[in-house]
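# Coordinates in review
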Amino acid sequence: MPDFSLEMETGGLVAGVDEAGRGPLAGPVVAAAVLFLEPCPPELAELLDDSKKLSPAARERAALAIRDFPGLRWAVGAASAKEIGLVNILRATHLAMARAVRRLGMVPDLALVDGNQPPPLPCPVRCVVKGDGQSLSIAAASILAKTTRDAAMARLDRRHPAYGFARHQGYPTAPHRAALLALGPCVHHRRGFGPVDAARAAPSLSASIR
């Protein structure tokens with residue numbers, strides 16, 4: 001389970017940063033930054049973990065508790081499918097992370113970033129592989145990023161229901177791939193991703209939703 005040891009050993013204002021949505025074929029990549037201004041209380045810490053290990057209901061409960069806790073600052077940032085197609089997914093992820101950190105309203109002394117690729121942030125960066133399972137700040141960021149992105153994909157599903165975005169969040173599931181081949185990509189599919197580019201080049205049954 002994550003704890004507060006990385007934040008405590010660093011000292012100062014430490015933000016946790018994580019993303020959701022690097023692997024999907026559609027939708028934005030979303031990042032979140034969480035900066036605890038005081039130690040995380042036990043009742044909140046019990047709710048926090050790597051977002052992938054939590055059920056959707058548990059993620060929503062944790063996200064609500066994070067937003068309601070007055071002893072922290074949090075912010076989210078995103079990069080659109082269009083931006084991903086222009087600059088590639090890694091650079092778009094870093095762009096989303098930078099946007100999230102800048103929206104905190106204060107510059108952290110350090111950002112603990114999940115993964116092994118340091119983004120260009122307005123503060124020093126320490127990468128932590130599998131950090132969402134080690135740091136409470138990163139775990140909180142992973143939960144906010146995931147729940148924010150899932151909500152965004154649910155909104156896209158209402159606009160483009162034929163793709164089933166609310167069910168698979170844009171990931172390359174078999175039903176999503178089948179819909180992509182049958183219908184062609186919509187504006188929220190990511191250029192530069194193999195299945196999307198292949199579907200764009202192939203004839204589709206309908207072009208009305210592009």
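Owing to the predicted nature of the structure, the values given are computational and were not obtained by experimental measurement. (Residues numbered from 1 in each chain as written. Predicted model: local features only at pLDDT ≥ 70, side-chain atom pairs only at ≥ 80, totals over all residues. Heavy atoms only, no water.)

### Looking at unusual backbone geometry
Positive phi, normally seen in glycine, also occurs at Lys130, with a value near 55 degrees. Examined against the element boundaries, Lys130 turns out to sit in the loop between β5 (125–128) and α6 (136–159). Classification of Lys130 as exposed rests on a relative accessible area of 65%. Despite not being glycine, Gln169 shows a phi value in the positive range, around 55 degrees. Its location among the elements puts Gln169 in the loop between α7 (165–168) and α8 (174–183). For Gln169, a relative accessible area of 17% puts it in the buried group. (Helix = DSSP H or I, 4+ residues; strand = E, 2+ residues; numbered from the N terminus. Buried < 20%, exposed > 50% of the residue type's maximum accessible area, 1.4 Å probe, protein only.)

### Let's talk about the packing of aromatic side chains
For the structure shown, the criterion picks out 3 aromatic pairs. Residues Phe4 and Phe36 carry aromatic rings whose centres are separated by 5.6 Å and whose planes lie at 90 degrees to one another, so their mutual orientation is edge-to-face. Highlighted residues: Phe4 in the segment before α1 (5–10) and Phe36 in strand β2 (residues 29–36), separated in sequence by 32 residues. Here Phe4 matches Phe36 in class, with each residue buried. Between the aromatic rings of Phe36 and Phe69, the centroid separation amounts to 6.3 Å while the plane-to-plane angle is 45 degrees, which identifies the pairing as tilted. (Phe/Tyr/Trp six-rings, centres within 6.5 Å; stacked < 30°, edge-to-face > 60°.)

Remember, this is a structural readout, not a statement about activity or role.
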